Structures are given as C-alpha cells and as structure tokens.
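# Geometric and topological summary
If you want the building blocks of each chain, they are given just below.
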Amino acid sequence: MNSSSGDDEAPKDPRTGGEDFTQQFTENDFEVTPPAQRVQFILGEDVDDGTHVSHPLFSEMGMLVNEGGEIEWKETARWIKFEEDVEEGGNRWSKPHVATLSLASIFELRRLLVSGSVMLDMEAHNLELVADLVCDQMVSSGQLPPGVKDKVKDALLRRHRHQHEYAKRTRLPIIRSLADMRNQSSSKIEEQSGNALLATTPLSLTASEPGPPGNTNGNMAMGMGRFLTVPGKPSNRTLEKKSNSKNKKMPMIIEDMVKSPSSQSMARQTSGTELAEQQHKGNTHFMRKIPPGAEASNILVGEVDFLERTLSCFIRLSTAAVMGDLTEVPVPTRFIFILLGPPGSQSNFHEIGRAMATLMSDEIFHEVAYRARKRDHLLAGVDEFLDAVTVLPPGEWDPTIRIEPPAAIPSQEVRKRPPELPKEEIDEEEEEQRLREESGLSRSGRLFGGLMNDIKRKAPWYWSDFREALSMQCVASWIFLYFACLSPIITFGGLLSAATGKHMAAMESLVSGFVCGMGYGFFSGQPLTILGSTGPVLVFESIVYEFSKSQGWDYMTFRFWIGMWVALICFVLVAIDASALVCYITRFTEENFATLIAIIFIYKAIENVVVIGTTFPVNQGTYNCVCTPPPYSNATFLEFAQYKWDSCGSHNGVLVGSACNKPPTENVFLMSVVLCAGTFICSTVLKEFKNALFFPSIVRQYISDFSVLIAIFAMTFFDYSLNVPTQKLEVPHELKPTLDTRGWLIPPFSEKNPWWTPIIAVFPAMLGTILIFMDQQITAVIVNRKENKLKKGCGYHLDLFVLSGLIAICSIMGLPWFVAATVLSINHVNSLKLESECSAPGEKPQFLGVREQRVTHILIFLTIGVSVLLTPLLGNIPMPVLFGVFLYMGVASLKGLQFFDRILIMFMPAKYQPDYMFLRQVPIKRVHLFTIIQLACLIVLWLIKSFSLTSILFPLMLVVMIGIRKSLDFVFTRRELKILDDIMPEMTKRAAADDLHQLDAENTKFDTSKQLWRGYLTSTETSV
C-alpha cells in the first residue's frame, strides 16, 4: 500500500518515446508546469500491470443520518455520467442532470486532499479492514486522537441504506405497521422488567467501561460498546448487567446492533457475507444501466459530535472488491472518500462530497485517479479540472435549476493529449483525390476499372447484408415502404395508361416493380436506394408515344429500341467510369433536387385531396332518394323515411329516387381530409415517440419503428367504422397485360415501323440516358452522404451497371423503366437509422449509422409482386390514407436539409436563430445571398417541371445547375463555399471547431493569471 509520503517512480514523457524526462523537468519544474501538461504526462505513462487500467465508474454518495431511531449511512446521490439526487419529499430519484458545483466546495476539497490522508493501492477486501487501516493511518499521522479511534471505526461500519430499499419499504405499509407494533410491544415488556432506556443524541457514541481481566462477557460487552447507540434501544452496559444477572449469553446484544453487513469479519455469530445475502439485495434493475466492467467510487460524508476537527481520507484499493451493502449495485469498489467532521457542517460536507463525486465522474480526473502514484498527481488532476471548468455568474442564473444533459457530449481527448506540433499544410487537391478514391469516384484508368473496384469493395459485405436484417426495425421498414411504394406505382400506372394508350398501366407497373426491385436488391452496390417511377420518365414516355402515334409507328417496338440503346449507352458509361463525374454534384445541386422532389410529394398529396373535393363536393343539394315501405305494407312513409341508403334494404324497404343508384357522397371530402391529416399527424407524432417520457425504451422504439403502419391501420379502421364511401386503393385482379393485343415479350420489328427506326432511336435514347443517369446518381449521392455514416462503401458504377441490365429487361417485356426514387430512398434510410442504447441515466442516444442490408429492398418489391393476390385486403385501404403517407414522406425528407434550414433562418430574428456551424463562420448576409440564389434555381426547376412542353428539359437543367454552382466561385470566396456547399457531417465539423477553439483558448491564457492562480494555491498549502 502506498501512502501519501512515499517516493514514486518518475513519470515519463510520452512525446520522447517513453524516456525518463526528469532530466528535462525537475521536481520544482513539475510544480510550476501548467496543470494540463502535468495531467498529460501522468496519462502518458505506460501501465506496467492491470491494476492501474481505468474502468467506467459508478459513484455513490452516502450521508450519516438518523432514520427512524437508527443511525445509518443513507444514499443521497449517484453518478454514472450525470448526477441523480434523492428527492426527499417525493422519496424518489431526480431526473439526471449536469452537476453544478460551487468553486468554494472544489477549493475546500483540494485543501482536504492537501492536508488529509491519501492512501493509494490499499490491500483490503472488506470494509472493516479498510476502516482499521484508515484509522491506524490517521492516528499515526496525528490527525485522529487515539481515544476516538474506535468511535470513528464504528461510524464507518454503520449500515448502508439505499434508495431502492426505502421504496420497497413504502410499498408494504401494512407489513411495516405490524413490525412497528411488534417493536413497540417488545419495548414495553423491557420497560416493565426494569430495563432503563438510554436517551442519547442521534449521532453520539457511548463509551463502555472496561471490564475486569479475563471476563469474557465483559470483554465482549466492551467490544459491543463501540457501536453507536440507537434511540429506543437499551444501552450496552444495561444489557450487559441484565445479561450477567440472568446468566445469559451475549448473542442478544449482537441482534440489537445495526452494524453494516459490509463488515466481513463478524465471526462472532455470522459472517458478513451471509449477513449481506440476508439483509442487502442489490438494485438489479438499475444494474442494467451500469457499463460493463464498471467499478464503484463511494463517497461517505457525515458529522459526529465526538470530533473537534475535520477528518478526510482518499482511498484507492489495489484490487476492487464487492463490500456488502456499501454500494447500491453489486459492483466492486475501487475508490472510497471519507469525510467526517464536527456538527454544524453538514451542508458544506454535502457540497464537498458532490464535488468529489463529480470529479470522479469526469473522464480526465478519474483516469488520473487510476494512474496517480502520489498526492501531487491527484492535485494536478483537480487543478486541471479547475482550468477546464466554466463559471456562471451568481446573479445571472438560478442555482436551483437543473441543467438538462446535452444532446451530444464534446470529446475530452483535447484535454488528454499534449499540444500537437504544427502540421505541414495539407494539399487540398491531394486530400480531395484521396476522398474520391475512397468513395469510388475517381477514374481507374482502365475499362470497367470502377465497376471492378465496386465489386471488390462490396463483395466482402454481401452475406452480412442478409445477416444484419434480423431486426424488428427491418420488419417495420419493410411494411412502411411497401405501402409507400405500392400507391405511387399504382397511381403512376394510371397516369401511364392515359399517356400511352393503355400499352402500359398499373399491372405493368407492378410487374416492373417486382422485376427491377428483386434484381436491384440482390445485385446492386447500394441496396438502400429504392427504385420507383418518376415524373420525368412519365413525360418522356408520353412524348415518345405521341411521336410514334403521329408517325403511325408501333409504339412498343420503337420503345424497345430506345430502351436497348439506353441500356447500351449506360453500359458504355460504366466502362469508361463516367460515374466519377458524380463528384461534381455538390450539396447545392443535390439539395435543390431533393427539396424539389419533397415539395412535389407534399403538393401532390394536397392536390389529390383537393381533387376529391371537386369530385365529391360538400354542398350537393338535395339527395333525391328516399326509403319507402314495401308494397302491401301497413307501415307509413314517415316510418321508413328515417332509414338511410345503406340500411333501407335491411328493413325490407324500397329506395325511390333518381340518385338511388349510388350512396350519398356529401361527407366524402370531409372524411378524406380527416383521413389524410390524421395519417400524417399520427405518423409524425408516433415517429417521435421514441423520445417520449412514457413506457419502457423498447416499447417506445417499436412504436416509433411501426409509426406509419399504425397510422395506416388506425385510419383504415376509422374509415371502415364510419362506412363513408371514400375512394379505395384499386389493385389489378389478374396477372395479364392491360391490352389484349400485346404480350409479355415485345417483338423487335414491326411492319408499321421502317427499317431505320432502330438507328434513329439512338437520339431519344441519349436524352433518356441523361434523365436516368441524373435521377439515379443524384439520389445515390444523397443516400451515400457522410451524414448517414455508411460503413460498407458506395457502388455508383455497380448500380448503373445493374440498372442498365434492368432497363434492357423492361424494354424487352414492355414494362416501365424504374430508377432511383429520391423521397422513397431518403425515407428508407431514415427508417433504418441506428442509435446508441442509453446506458447511463440522462445520456442522450447518439446516431451510429444506418442498418445497411438488402433484405428490406427485396421484401418490399417481392410483396409488391404478389399484391395481385392481396387485392381483397388492399381494396379496403382508403386513398386519402395513402395521400397522408405521401405528405409525411415529403415533410420527413425536408428534415436535415441545410437548404431548408437556411430558408427558415431567413424569417427568424437573429437572437432566435439556431447555432448552426455555417452561421458561426459566414456572415449572415452572405448566407442569405447563397440561399436566395439556390431558391431561385429551385423555382426555375419547378416551373420547367410544371409545363409539359418544357418538362422534358428537366434532366438537362440539372446539368445546368452544376454550371451555376461553378459560377458561384466568382461570387463567394473559397472558404465560404466550402462551408455552405459541403456534405461534411454537421456535428463532426462542430466538434472539430470546438476542439480548435478550446486549444486556442488554452494557448492564449495570460501568464499573469496563471501566476496568480499558482500563488493562491501556494498560499493555501502554506497556510495548511
């Protein structure tokens, strides 16, 4: 065991390869070294054995109190990462909160570490041995008078009562009442027998009279006399006299003692281990919150009336050991801090104990505590903590307010590592090239080089793409995206039927979804991308059909050759690594595209509901249909007129009127609005339910994952219960082509088409290739954002290669072409996001990445393929419910887009603007200028898309957007564009800036303030 006065091995400077740096820094130099540098030296030492390896710490503070006539240690607070206090009034734990300390308590704690006992690497395995060693150390150092040594030891060995034990006692009031009645009756019997009660103060000790030598009972009684007396219990001397007079043994005295079961040496009657098993049961429920491999730090503070001066001792055990009821949970104890003093200092002691526990929960100090070899190392840790602490002015905040834990805790690595030497400037072009190579967006210099690299990158992950799908989150994502994909496929099929003369309709769309979805799911490089039908493809199909119709050509044959040319051109683009051009699609272009598609989803959802209002207006005039009694009936017309359209037949009535062939529809529009809004609101609220305060975390997570599915089923049941004739989802009943004149294979030649039509088909194919390439790759860039923290790499070349094959298959079978759908892909990624499991109370879940797998993609389109068999069930889903799903997906896609955030900032006063990274480094006027330019481009894209004559130019305008972004180099500086037009994760950049800011702050501290601080500490130590 190392005491505070032993010589320690000199620490080694990690920056000199582990060599002894005492030749560069003497002991005096070490004293004047800044605290941060001293801590870095301590943490930089090599750990020779496993005894000084740091572990996660659970800190618990207990206070010596009088509870129900018993003097015991009561748990008052605990820490894993944040502080939790016992709220006396509610007899419960408080919410986890950031600990707020007074500087006076930290200064007083530092003074106690200077003047008190510090015992490092103590060899002890139970609390009684710890108490013996602590008392011996204090007596030998002159801090503790020998006459009160036994009293201090007995105070340390009192029972430890924890908050969960109080909660259990309050749950059984009847049993407790019976126990109190029994205790009261036994006290009365003792009183009648002449056993006098001893009136003592709650926290006093009673000394025993020495017994005659050789008197076993007397010696045992003297041993028992060291315990704290409890009001209402007979004193040890009284019991001793009674025992001697009646020739009884002393076990009854032991039963009346309330000594802690943490004592492992109670061999008089029962072992401490057995007693601990009988009396103390750990809080196993809270044990789930403790990190694996954690150790405990126990802080014991209290006031007693037999001390005239404050005693303190910091203990680190050489080996952590479980000490009975000392800790709330069965975690081995490594650190113990003891603080005892005279009456009148309870509140001060409580604050000092909180300061000690907060220090132990600090990531840096608790590592110093594990590594410390002498007292000065602990003081260096306290000084470094004080250097890093932030002070709040007393008149500008309320100390009673509990500060909520932050959403993200900044990294403390900057406090551990020494200041790095200035690095050589990094060539930005080389760094950009390195990032492009990692993403597969650099030219390989050989044919199909990019494709081969994608296959090599993705092949090792292929089987894990199936194993990692074993999660209920994937089930929820599959069902949600199934409904999200099915409705647009059927809707698109209806529009395509009108645009192509029924050559392709809903049935062809379902088959195309099955074929493309299964092929892309099994073989693509990024299966998180969802394929779907898009507006530009629909416009392209309608133009080709109208041209073929005007020329008298066979549309499907001409489309066959266009599709084959598109597949061939995409194949050539794969061969020459054309996907490397995706690196020029920056945040400016991709967010404009994503925002446009999201707005289209929102607009179309609202527009479809409005169309229902025009088809089924609310004010329709008089409904000309009435229920009349059957012929030859004695009933009157008034009796049957009360029956509605749907219930008249069940009463044998007859409907009479011109409108009786259809049900009344005046409530259809209002019901559609309710269903659409209800689906959107339910989906939004339930999606955020994982952050709610109700139910266990696993229940909240399931509700959040299945939020859209719950909303669909709830609104469908609501519609069914009211029996309003709303529009329902229409799914084809039979698996056959829409037109009877065509089959599932398209002939490559037709008598109607000239022989040269396959050659001229290359020109519309070029336009179609641009459309498909831009749709596919922009969506892929959005899915592969760094913000999503994907770990399995990208596959731009492989995706385009698979897509070219699928386009060829769809052209042969006469099916619509499917490409990457932006909004569906974004929602697929969002539905599979992973967050850390909150272990410590108050700790916010952190975004870990996305569950990268291909099973959900396969199941989504497999279910779409068999939807024909599910027609009886799907036909009950109201279309307004699916419009509500569209609205939810559009709004959810806007979340997280910096462009949308900057639009909202334009309408916020400066004091209410969020603390975004780009607002820290770019003037707000420049931010608004960049946003206005981007917004103008979005409006132009919307106008081009809205008119059928110009909508075919939409993919070309995306190429123009890249040129506009390039021209902004003449308007904004390179630094401004790097900040505003960057796909780097927001939180990562913020952390880097915060670390840089902190390093600058440390380097710019005034030397005079350091000298004043050191002078204050020196004067404090001198006075001590």
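Coordinates for the structure precede this section.
This text gives an overview of the structure that appears in the document. (Residues numbered from 1 in each chain as written. Predicted model: local features only at pLDDT ≥ 70, side-chain atom pairs only at ≥ 80, totals over all residues. Heavy atoms only, no water.)

### Things to note about the overall build of the protein
Here is the rule we go by: Only DSSP runs of H or I with at least four residues qualify as helices, and only runs of E with at least two residues qualify as strands; both kinds are numbered from the N terminus onward. Three labels apply to residues, based on accessible area from a 1.4 Å probe with only protein chains included: buried if under 20% of the type maximum, exposed if over 50%, partly exposed otherwise in between. The criterion used for residue contact is that any of the two residues' heavy atoms lie within 4.5 Å. Accessibility throughout is a Shrake-Rupley quantity obtained with a 1.4 Å probe, and a residue counts as covered only by protein chains that appear here.
If you tally the helices and strands in the protein, you get 42 helices and 15 strands. Put simply, the protein has 1024 residues, and 49% of those count as buried. A sequence separation of at least 24 residues applies to 78% of the contacts in the protein between residues at least 6 apart. As displayed, the protein offers around 49200 Å² of accessible surface, 61% of which is attributable to carbon and sulfur atoms.

### Structural notes on the packing of helix H23 (residues 555–575) against helix H31 (residues 796–813)
This is how the line gets drawn: Note on geometry: axes are C-alpha line fits, over the in-contact stretch for helices, and angles between N-to-C directions span 0 to 180 degrees. If an angle is under 35 degrees, it is roughly parallel; if it is over 145, roughly antiparallel; if it lies from 65 to 115, roughly perpendicular; otherwise it is oblique. Left-handed describes a crossing whose near helix is turned anticlockwise from the far helix by less than a right angle; the clockwise case is right-handed. Polar here means any residue other than Ala, Val, Leu, Ile, Met, Phe, Trp, Tyr, Cys and Pro, which are nonpolar, and Asp, Glu, Lys and Arg, which are charged; Gly is therefore polar.
One can describe the packing of H23 onto H31 by two numbers: an axis separation of 8 Å at closest approach and a directional angle of 165°. In terms of orientation, H23 lies roughly antiparallel with respect to H31. Seen along the crossing, H23 lies across H31 with a hand that is left-handed. Between H23 and H31, the residues in contact are Arg559, Phe560, Gly563, Met564, Val566, Ala567, Cys570, Phe571, Leu573 and Val574 and His797, Leu800, Phe801, Ser804, Ile807, Ala808, Cys810, Ser811 and Ile812, respectively. Classifying every residue of the contact of H23 with H31 gives 14 nonpolar, four polar and one charged.

### Describing the nonpolar core
As a rule of thumb, nonpolar side chains are buried together in soluble globular proteins. Formally: Among the buried residues, those of types Ala, Val, Leu, Ile, Met, Phe, Trp, Tyr and Cys that are joined through side-chain atoms within 4.5 Å form a nonpolar core.
Core analysis: the biggest nonpolar cluster contains 133 residues, and Ile562 and Met889 have the highest contact counts within it. Sort the elements by how many residues they give to this core and helix H20 (residues 472–499) lands first, with 13 residues. In terms of nonpolar packing, the next biggest core, distinct from the first, is built from 34 residues, Met63, Leu339, Ile352 and Ala369 among them.

### Regarding helix H30 (residues 762–783)
Residue pairs spaced three or four apart in an α-helix point in one direction, given the helix's 3.6 residues per turn. Using the following cut-off: To estimate how far a helix should reach, multiply one less than its number of residues by 1.5 Å.
When the terminal C-alpha atoms of H30 are compared, their 31 Å separation across 22 residues agrees well with the 32 Å that a helix rising 1.5 Å per residue should span. Burial analysis of H30 places 17 of its 22 residues in the buried class, the great majority of the element.

### Concerning the packing of helix H4 (residues 127–140) against helix H5 (residues 149–156)
Across the interface, H4 lies against H5 with an axial gap of 9 Å and an inter-helix angle of 145°. Crossing of H4 over H5 shows right-handed handedness. Residue-level inspection shows Leu127, Glu128, Ala131, Asp132, Cys135, Asp136 and Val139 of H4 in contact with H5, the latter providing Lys149, Val152, Lys153 and Leu156. Within the contact of H4 with H5, the residues separate by chemical class into six nonpolar, no polar and five charged.

### A word on unusual backbone geometry
Negative phi characterises most residues that are not glycine, and trans characterises most peptide bonds. Unlike most non-glycine residues, Phe448 shows phi in positive territory, near 60°. One can find Phe448 in the loop between helix H17 (428–439) and helix H18 (449–458). On the basis of relative accessibility, which here comes to 24%, the residue Phe448 falls in the partly exposed class.

### Comments concerning the environment of Pro330
Note on placement: Pro330 falls in the loop between strand E8 (311–321) and strand E9 (333–341). On the accessibility criterion, Pro330 (48% relative accessible area) is partly exposed. C-alpha of Pro330 to C-alpha of Asn283: the two residues are 47 residues apart in sequence and 7.9 Å apart in space.

### Details of the pattern of salt bridges
To be explicit about the condition: Salt bridge, as used here: a side-chain nitrogen of Lys or Arg that lies within 4 Å of a carboxyl oxygen of Asp or Glu.
Considering all chains together, one arrives at 31 salt bridges under this definition. Of the charged contacts in the structure, one is a salt bridge between Glu468 and Lys792, with a shortest N-O distance of 3.2 Å. In this pair, Glu468 is assigned in the loop between helix H19 (464–467) and H20 and Lys792 in the loop between H30 and H31, connecting sequence segments 324 residues apart. On the accessibility criterion, Glu468 (32% relative accessible area) is partly exposed. Put simply, Asp465, Glu468, Lys792 and Arg854 are held in one network by salt bridges that share partners.

### Points about the packing of aromatic side chains
Stated formally: Note on ring pairs: Phe, Tyr and Trp rings are taken, using the six-membered ring of Trp, and paired if centres are within 6.5 Å. Classes follow the plane angle, with under 30 degrees stacked, over 60 edge-to-face and the rest tilted. Distance and angle both matter: a charge sits over a ring if NZ of Lys or CZ of Arg is within 6 Å of the ring centre and within 35 degrees of the ring normal.
Summed over the entire model, instances satisfying the criterion amount to 26 aromatic pairs. Ring centres of Phe480 and Tyr888 lie 6.2 Å apart, and the angle between their planes is 65°; on these two criteria the pair is classed as edge-to-face. Taken together, the positions of Phe480 in helix H20 and Tyr888 in helix H35 (residues 879–894) put the pair 408 residues apart, joining distant regions of the chain. Classification of Tyr888 as buried rests on a relative accessible area of 9%. Geometrically, the ring pair formed by Tyr603 and Trp942 is edge-to-face, given 5.4 Å between the ring centres and 90° between the ring planes. Of this pair, Tyr603 sits in helix H24 (residues 587–615) while Trp942 sits in helix H38 (residues 924–946), and the two are 339 residues apart along the sequence. Here the aromatic cluster, defined as three or more aromatic residues joined through ring pairs, consists of Tyr462, Trp463, Phe466, Phe522 and Phe523. Its guanidinium or amino end placed over the ring of Trp93, Arg78 lies 3.9 Å from that ring's centre, counting from NZ or CZ.

### Brief notes about H31
A rise of 1.5 Å per residue sets the reference length of H31, with its 18 residues, at 26 Å; its end C-alpha atoms lie 26 Å apart and thus fit the reference within 8%. Taken across its 18 residues, H31 has 13 buried, putting it largely inside the fold. Just beyond H31, the residue with positive phi is Gly814, at close to 70°.

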